[in-house]
Amino acid sequence: METAGQIVKRLAKKSVPSLLLGLVALLMVDFLQLSVPRVIKLAVDELTLGRADSRLLAIYGLIVLGLAASMGLLRLLWRPLLFGFARRTERKLRQQIFDHVQTMHVGYLADNPPGEIMARATSDLNNIRMSVSFGLIAATDGLVMGLAAIGFMMVINPVLTLFALLPMPLIVVIGRVVGRRMHAGFMAVQESFATMTEEVREVLSAIGMIKVYALAGREERRLAAAGRDYLALNMRVARLQSLMFPLASFFTSLSLAIVLGAGGPLAVFSQITPGDFVAFTAYLGLLTWPMMALGWVVGLLQRGRASMQRVTEIITAQPLINDPADPAPLPQAHGGISVRGLNYTYEGAAVGALHDVDLDVAHGRVTAVVGPVGCGKSTLLSLIPRVIDPPDEAVRVDGVDVRRLALADLRGYVVLAPQEAYIFSTSVRENLSLGRPDATEDELWQALEAAEFADEVRALPSGLDTELGERGHTLSGGQRQRLGLARVLLLNPPVLLLDDPLSAVDTSTEQRILQNLATLRRGKTTVIVSHRLASVAFADAIYVLDHGKVVERGVHHGLVRQGGLYQSLFAEQAAIAALEG
């Protein structure tokens with residue numbers, strides 16, 4: 001698995017021609033900029049010797065103008081090449097984060113909230129882009145400009161150059177000390193930003209509940225506290241950064257004072273010409289930029305380094321559920337499922353969720369799994385398509401251990417419809433055809449008819465093309481469930497697992513949907529989890545779970561006559577239904 005730094009290096013290798021061209025153009029700008037003091041030196045010496053006339057001065061002026069125009073054109077060349085590479089790097093890393101997060105197991109987002117990942121895919125990537133572009137360019141430009149300026153100064157007068165450079169080593173020492181502290185500070189800043197982003201995301205997602213419970217004041221105080229923490233950490237880093245610029249400016253000014261004190265007498269006593277003295281001070285001025293940029297570049301590179309670490313943590317994280325090294329071919333049978341001796345305990349839980357579960361789902365039949373709340377029904381269904389990972393050999397599809405199948409093959413063959421259907425903020429059509437974008441209009445309506453949702457879609461302002469808003473907020477809970485059910489019915493996979501997908505639908509509508517389901521799914525395998533026992537009375541086989549164990553199995557009438565847990569739950573629900581009329 002590549003780190004963020006390795007990805008940047010790989011992209012740089014692929015972009016070597018354009019990067020070299022950009023760097024050559026950048027260095028040519030530096031060369032032309034360094035030529036300007038030489039032209040000024042010649043002009044000043046000609047004036048001092050009394051040989052300059054208006055024509056000669058005009059020529060020198062045009063040369064300076066030509067140098068400036070050339071620098072402008074070269075900047076038009078190097079900026080798109082070098083900054084463009086940084087933008088492409090940012091895009092690649094963002095895509096890498098998005099793609100990798102999708103491969104992670106479901107529990108990954110519990111430890112890494114979406115707000116945290118969003119912060120790394122925005123703020124951290126911006127820091128990397130800035131360090132790759134401005135940081136790298138300023139470092140290269142400053143280094144070349146600084147060394148070249150020092151070289152030209154040495155040519156003019158080595159002794160005067162040594163005097164001018166006396167304060168410079170102090171900047172290097174201070175830069176190293178401050179740089180280490182800035183790296184730790186930037187890490188803390190990015191962590192604080194991620195925390196604040198997650199809090200904002202949570203508040204916006206739960207805005208309905210916050211209004212109902214009048215929690216706006218409390219949430220404002222929470223966010224204000226996070227904002228104060230973020231501000232305090234940024235101010236700490238800002239104080240560190242603020243040391244670099246004044247110190248660089250001070251030591252540059254100190255160098256200039258030394259040059260004026262030592263170089264003035266040299267010019268007066270003709271050891272150097274006035275033009276040399278003017279050029280020397282000009283080169284010292286050019287040396288000011290590398291000195292001033294040092295603090296900024298150090299901060300930029302330290303911020304980028306901290307962000308590189310944070311992005312690397314995401315893109316190198318290992319999913320707990322992976323494809324097998326040598327996947328078995330998808331079975332050619334028709335969707336039988338067998339579960340043998342299945343035990344499962346969630347990480348950190350004191351008690352297992354499932355205990356020695358045996359279950360057989362015959363091909364082409366409807367099997368129901370029922371039981372009290374928290375008995376392990378949803379866990380059992382999640383283990384079959386490896387949404388959570390079962391033990392070896394515990395779950396088989398058509399005789400093949402699900403752990404031996406490629407995840408894409410398994411989840412295309414066995415489709416799980418969760419209780420809470422997620423609705424995207426797009427149209428009904430796009431939500432419905434999510435798994436089958438090539439579905440025809442007739443197929444879309446057939447799926448809606450089977451889910452008893454077609455009439456309501458026809459009544460919407462734009463029918464199938466009606467926009468549903470954030471998480472489908474324009475629909476009721478029952479409507480969202482039926483749209484989600486229609487979505488999986490459109491796929492019509494060999495094995496369909498329904499995890500109580502009609503809990504928010506009224507009983508009469510649920511009965512019609514289940515009748516439609518029996519017709520539509522004839523010849524295919526369906527497993528239904530439901531809290532309404534009457535709704536699954538038609539199932540070919542019913543398994544009753546209690547505290548993670550299979551305590552009863554059979555068909556509806558036989559289970560009622562047994563007088564066990566199923567009969568007790570059925571009688572309780574019948575009594576409640578009678579009371580409700």
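A brief structural summary. (Residues numbered from 1 in each chain as written. Predicted model: local features only at pLDDT ≥ 70, side-chain atom pairs only at ≥ 80, totals over all residues. Heavy atoms only, no water.)

1. A few points about the overall build of the chain
Right, on to step 1. Within the chain, the secondary structure is distributed over 19 helices and ten strands.
Right, on to step 2. Radius of gyration (C-alpha) of the chain: 36 Å, far over the 25 Å computed for a compact globule of 581 residues.
Right, on to step 3. When its C-alpha atoms are laid out on the principal axes, the chain stretches across 120 × 50 × 50 Å.
Right, on to step 4. Out of the 581 residues in the chain, the part that is buried amounts to 45%.
Right, on to step 5. Taking the contacts inside the chain whose residues are at least 6 apart along the sequence as the reference set, 76% of them involve residues at least 24 apart.
Right, on to step 6. On the chain, roughly 28,800 Å² of surface is accessible, and the fraction owed to carbon and sulfur atoms is 62%.
Right, on to step 7. Taking the 54 positively charged and 54 negatively charged side chains of the chain as two groups, their mean positions are separated by 8 Å. (Helix = DSSP H or I, 4+ residues; strand = E, 2+ residues; numbered from the N terminus. Rg over C-alpha atoms; globule rule 2.2 N^0.38 Å. Buried < 20%, exposed > 50% of the residue type's maximum accessible area, 1.4 Å probe, protein only. Contact = heavy atoms within 4.5 Å. Areas by Shrake-Rupley, 256 points an atom, 1.4 Å probe, with all protein chains shown as cover. Lys, Arg positive; Asp, Glu negative; His and termini not counted. Charge placed at Lys NZ, Arg CZ, Asp CG, Glu CD.)

2. Regarding the sheet that holds strand 9 (residues 541-546)
Right, on to step 1. Spatially, 6-7-8-3-9-10 is the arrangement adopted by the six strands of the open sheet, whose pairing is mixed. Because the sheet does not close on itself, it has two edges, and the strands there are strand 6 (414-417) and strand 10 (549-554). Taking the axes of each pair of neighbouring strands and ignoring which way they run, one obtains an average angle of 15 degrees across the sheet.
Right, on to step 2. Of the pairings in the sheet, the one linking strand 9 to strand 10 comprises five bridges and is antiparallel in character. When the bridges of strand 10 are listed, valine 544 appears paired with glutamate 552.
Right, on to step 3. In the packing of helix 16 (residues 477-491) onto the sheet, contacts are made with strand 6 and strand 7 (495-499), and the angle to strand 7 comes to roughly 170 degrees. (Pairing = 2+ DSSP bridges. Axes fitted to C-alpha atoms, helices over the stretch in contact; angles between N-to-C directions.)

3. Points about the side chain of threonine 466
Right, on to step 1. Mapped onto the elements, threonine 466 comes out in the loop between helix 15 (454-458) and helix 16.
Right, on to step 2. On the basis of relative accessibility, which here comes to 10%, the residue threonine 466 falls in the buried class.
Right, on to step 3. Not counting the four nearest positions on each side in its chain, threonine 466 is found in contact with Thr426, Ser427, Val428, Leu460 and Pro461.

4. Remarks on a nonpolar patch on the surface
Right, on to step 1. Together, Val16, Leu20 and Leu23 give the surface a local cluster of nonpolar side chains, amounting to about 230 Å² of exposed area.
Right, on to step 2. Structurally, leucine 23 can be placed in helix 2 (residues 16-49). (Patch = residues over 30% accessible without salt bridge, like charges linked within 9 Å, V, L, I, M, F, W, Y side chains within 5 Å. Salt bridge = Lys/Arg side-chain N within 4 Å of Asp/Glu carboxyl O.)

5. As for helix 2
Right, on to step 1. Taking 1.5 Å of rise per residue, the 34 residues of helix 2 would be expected to cover 50 Å, and the 50 Å separating its terminal C-alpha atoms lies within 8% of that figure.
Right, on to step 2. Once helix 2 finishes, glycine 50 follows within two positions and takes phi at roughly 80 degrees, a positive value. (Expected span 1.5 Å × (residues − 1).)

6. Here we look at empty space enclosed by the protein
Right, on to step 1. As enumerated under the stated definition, the model contains one cavity of 30 Å³ or more in all.
Right, on to step 2. The computed volume of the largest cavity comes to approximately 50 Å³.
Right, on to step 3. Taken together, Leu498, Asp500, Pro501, Leu502, Glu510, Leu514, Ile528, Ser530 and Val536 make up the full set of residues lining the largest cavity. (1 Å grid on protein atoms, 1.4 Å probe; cavity = no way out; pocket = protein on both sides within 12 Å on 5 of 7 lines; lining within 4 Å. Points joined across faces, edges and corners; volume = space filled by probe spheres on them.)

7. Remarks on the packing of aromatic side chains
Right, on to step 1. Summed over the entire model, instances satisfying the criterion amount to five aromatic pairs.
Right, on to step 2. On the numbers, 5.7 Å between centres and 45 degrees between planes, the contact of phenylalanine 193 with tyrosine 230 is tilted. Residue phenylalanine 193 is located in helix 7 (residues 168-205), and its partner tyrosine 230 is located in helix 9 (residues 216-268); the two are separated by 37 residues in the primary sequence. (Phe/Tyr/Trp six-rings, centres within 6.5 Å; stacked < 30°, edge-to-face > 60°.)

8. Thoughts on the layout of surface pockets
Right, on to step 1. Quantified by volume, the largest pocket comes out at close to 2,200 Å³.
Right, on to step 2. As for the largest pocket, its lining consists of 50 residues, and the residues nearest its centre are Leu109, Pro418, Glu420, Tyr422 and Phe424.
Right, on to step 3. For the lining of the largest pocket, the secondary structure elements donating two or more residues are helix 3 (54-103), helix 5 (114-156), helix 7, helix 8 (207-212), helix 12 (407-413), strand 6 and helix 16.
Right, on to step 4. Sort the elements by how many residues they give to the lining of the largest pocket and helix 16 lands first, with eight residues.
Right, on to step 5. The residue inventory of the lining of the largest pocket, partitioned by class, reads 30 nonpolar, twelve polar and eight charged.
Right, on to step 6. The wall of the second largest pocket is formed by 27 residues, among which Asp500, His531, Arg532, Leu533 and Gln573 lie closest to the centre.
Right, on to step 7. If you list the elements that add at least two residues to the lining of the second largest pocket, you get helix 11 (377-383) and helix 19 (565-579).
Right, on to step 8. Considering every element that reaches the lining of the second largest pocket, the biggest residue donor is helix 19, with seven residues.
Right, on to step 9. Taken together, the residues of the lining of the second largest pocket break down into eleven nonpolar, ten polar and six charged. (Nonpolar A, V, L, I, M, F, W, Y, C, P; charged D, E, K, R; others polar.)

9. Considerations on the packing of helix 5 against helix 6 (residues 158-165)
Right, on to step 1. With their axes 6 Å apart at the nearest point, helix 5 and helix 6 run at an angle of 135 degrees to one another. With respect to their mutual orientation, helix 5 and helix 6 come out oblique. Here Ile150, Met153, Met154 and Ile156 of helix 5 come into contact with helix 6, specifically with Pro158, Thr161, Ala164 and Leu165.
Right, on to step 2. Residue composition of the contact of helix 5 with helix 6, by class: seven nonpolar, one polar and no charged. (Parallel < 35°, antiparallel > 145°, perpendicular 65-115°, else oblique.)

10. Let's talk about the pattern of salt bridges
Right, on to step 1. Taken as a whole and judged by the stated rule, the model has 21 salt bridges.
Right, on to step 2. One salt bridge connects arginine 403 with aspartate 389, and the closest N-O pair in it is separated by 2.9 Å. Of this pair, arginine 403 sits in the loop between strand 5 (400-401) and helix 12 while aspartate 389 sits in the loop between helix 11 and strand 4 (395-397), and the two are 14 residues apart along the sequence.
Right, on to step 3. The residue arginine 436 makes a salt bridge to glutamate 443 at a minimum N-O spacing of 2.9 Å.
Right, on to step 4. In this structure glutamate 443 comes out as partly exposed when scored by relative accessible area, which is 26%.
Right, on to step 5. Residues joined in a network through salt bridges with shared partners are Arg87, Glu90, Arg94 and Arg129.

11. With respect to the sheet that holds strand 1 (residues 337-344)
Right, on to step 1. The strand order across the open sheet formed by four strands is 2-1-4-5, and the pairing between neighbours is antiparallel. Because the sheet does not close on itself, it has two edges, and the strands there are strand 2 (354-361) and strand 5.

12. Some remarks on the packing of helix 2 against helix 5
Right, on to step 1. The interhelical angle for the contact between helix 2 and helix 5, taken along N-to-C directions, is 35 degrees, at an axis separation of 10 Å. Judged by the twist between their axes, the crossing of helix 2 over helix 5 is right-handed. Together, Leu23, Leu26, Leu27, Asp30, Gln33, Leu34 and Arg38 of helix 2 and Ile137, Thr140, Asp141, Val144, Met145, Ala148, Ala149 and Phe152 of helix 5 make up the contact between the two elements.
Right, on to step 2. Residues of the contact of helix 2 with helix 5, tallied by class, amount to ten nonpolar, two polar and three charged. (Left-handed = near helix turned anticlockwise from the far one by under 90°.)

13. Considering the nonpolar core
Right, on to step 1. Residues Trp78, Leu93, Ile97, Ile128 and Val311 are the most contacted members of the largest nonpolar core, which totals 37 residues.
Right, on to step 2. Of all the elements in the fold, those that place two or more residues in this core are helix 1 (4-14), helix 2, helix 3, helix 5 and helix 10 (274-315).
Right, on to step 3. Beyond its immediate chain neighbours, meaning those up to four positions away, isoleucine 97 contacts Ile117, Arg120, Ala121, Leu125, Val311, Ile314 and Ile315.
Right, on to step 4. One finds Tyr344, Val400, Leu405 and Leu410 within the second-largest nonpolar core, a separate group that totals 31 residues. (Core = buried A, V, L, I, M, F, W, Y, C linked by side-chain atoms within 4.5 Å.)

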